[in-house]
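Spelled out from the first residue to the last, the chains are:
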Amino acid sequence: MMNNRTGIYVHIPFCIKKCDYCDFISASNYELEDQYFEKLITEIQYRGNEERETDDGNKVINTIYFGGGTPSSVRLDNIRKVVTALKEKFNLAKLEEMTIEVNPGTCNNDNIQNYYEMGFNRLSIGVQSFDEEMLKRIGRIHNRADIYKTVDIAQKAGFKNISIDLMYGLPNDSLERLEKDLKLAMEMNLQHISTYGLIVEEGTKFYDELNEGRLLLPEEDELLQMRDLINRKLFDQGFKRYEIANYAKAGYESKHNLIYWNNDDYYGFGLNSTTKVDDRRYMNEPDILKYIGSNEFEKYNLEEITEVMKIEEAIFLGLRLIEGIDLVDYFNRYNIDIKEKYKKVIDELIDIKAMWLGDRTLRLTDYGFEISNYCLAKFLS
Ligand code: SF4
């Protein structure tokens, strides 16, 4: 467990078209782009100044992540201005990782090359599937050729740390389709793969289709087989599963996401993003017009993170990691002996073979990951 690291998340909410399964807050009104970026930069400057006043301005930033939405669908000069504002207001001397999410269909030599030159050293590509029919079915704007083009351009531009997202459990999905996707992914010299099982969220096109009986989804046992297939195929190709849904070649684990899972601090800039710094957590305005229109940066759901919350959240997040929780680090950080405090829960989970306890490690087993919601809930008071 690495401690005392800090990340910055920047939210770019624009997407060319809403995907059929997506419930993220995203906007397709690019007429608002310049106003949004103007406000985003003001927010970074404002919070950067606030940070200087409260914390001697010297918090070292370890990672930056531009997510969305589709950051690759907005103009380069806007991305560049945000990077400049971050450099001016935060201490980036020890920055290790700077990621930008891109979607095939919105990438070309120009934007990818420029991201690299701006200092981004990691790309996260929203591939989802290589299957043309499936891409259409889930409402994505890209095709397989766009994926190849994006990865090729990125590798030629110099990116040596490329991640892709893959989805499974999709409408009319099959093990054969997933196996083909995994095979094609393995041919691309990638460093990281995130996998997402479809969850049908309210307010999406899929939600309506489900209610109308038009969405045929795999049964639970087939989903289990899909997860098992992912584990086996990626393991065979040298990808280590390091978190419930994430796989990486050695040394390419997402440093930014590890900040969340290690319960470290992060700033969130832009629409609807969350900040958790120095035991305080708050969210930004979720409505784009209000975000653009307001002259203040209101902190929504502002809460002080209590000792109990810290202790539970660190367990909840740490158990998502394959290596689990380092009990010595945990004790040094929170002054809690997990083995003693949660003895009953741990014994119960060990009994059903969902948990493993070593001298200084507590972690879920493969079976524990399958029923992770059940296991994690046990630790909440
Ligand atoms: S590109 Fe991503 S954020 Fe945008 S609508 Fe699709 S899934 Fe949602």
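The structure reproduced in this document is the subject of the present report. (Residues numbered from 1 in each chain as written. Predicted model: local features only at pLDDT ≥ 70, side-chain atom pairs only at ≥ 80, totals over all residues.)

**As for unusual backbone geometry**
- For the bond from G68 to G69, the omega torsion is 15°, close enough to zero to count as cis.
- With respect to the secondary-structure elements, G69 resides in the loop between β2 (63-68) and α2 (76-89).
- The backbone of N172 sits at a positive phi, close to 50°, despite the residue not being glycine.
- Its identity as a non-glycine residue notwithstanding, D279 has a phi of 65°, on the positive side.
- Within the secondary structure layout, D279 lies in the loop between β10 (274-277) and β11 (280-283). (Helix = DSSP H or I, 4+ residues; strand = E, 2+ residues; numbered from the N terminus.)

**Examining the site of the ligand**
- Taken together, the neighbourhood of the ligand is formed by C15, K18, C19, C22, F24, S26, G68, G69, T70, N103 and G126.
- Looking at the shell around the ligand residue by residue, the class counts come to four nonpolar, six polar and one charged. (Near = placed C-beta within 6 Å. Nonpolar A, V, L, I, M, F, W, Y, C, P; charged D, E, K, R; others polar.)

**Structural notes on the pairing of strand β3 (residues 97-102)**
- Most of β3 is tucked away: six of the six residues are buried.
- As paired elements, β2 and β3 share four bridges and run parallel to each other. Looking across to β3, one finds that I64 is bridged to M98.
- After leaving β2, the chain enters α2 and then returns to the sheet as β3, a path that is right-handed.
- Pairing of β3 with strand β4 (residues 122-128) involves four bridges; the strand directions are parallel. (Buried ≥ 20, exposed ≤ 12 C-beta atoms within 10 Å, placed from the backbone. Pairing = 2+ DSSP bridges. Right-handed = clockwise from strand over helix to strand, strands pointing away.)

**A few points about the packing of helix α6 (residues 175-186) against helix α8 (residues 220-236)**
- In the contact formed by α6 and α8, the axes pass within 10 Å of each other and the chain directions differ by 20°. Here α6 lies roughly parallel to α8, going by the angle between them. For α6 against α8, the interelement crossing comes out right-handed. For the pair formed by α6 and α8, the contact residues are L175, L178, E179 and L182 on the first element and Q225, M226, L229, I230 and K233 on the second. (Axes fitted to C-alpha atoms, helices over the stretch in contact; angles between N-to-C directions. Parallel < 35°, antiparallel > 145°, perpendicular 65-115°, else oblique. Left-handed = near helix turned anticlockwise from the far one by under 90°. Contact = placed C-beta atoms within 7 Å.)

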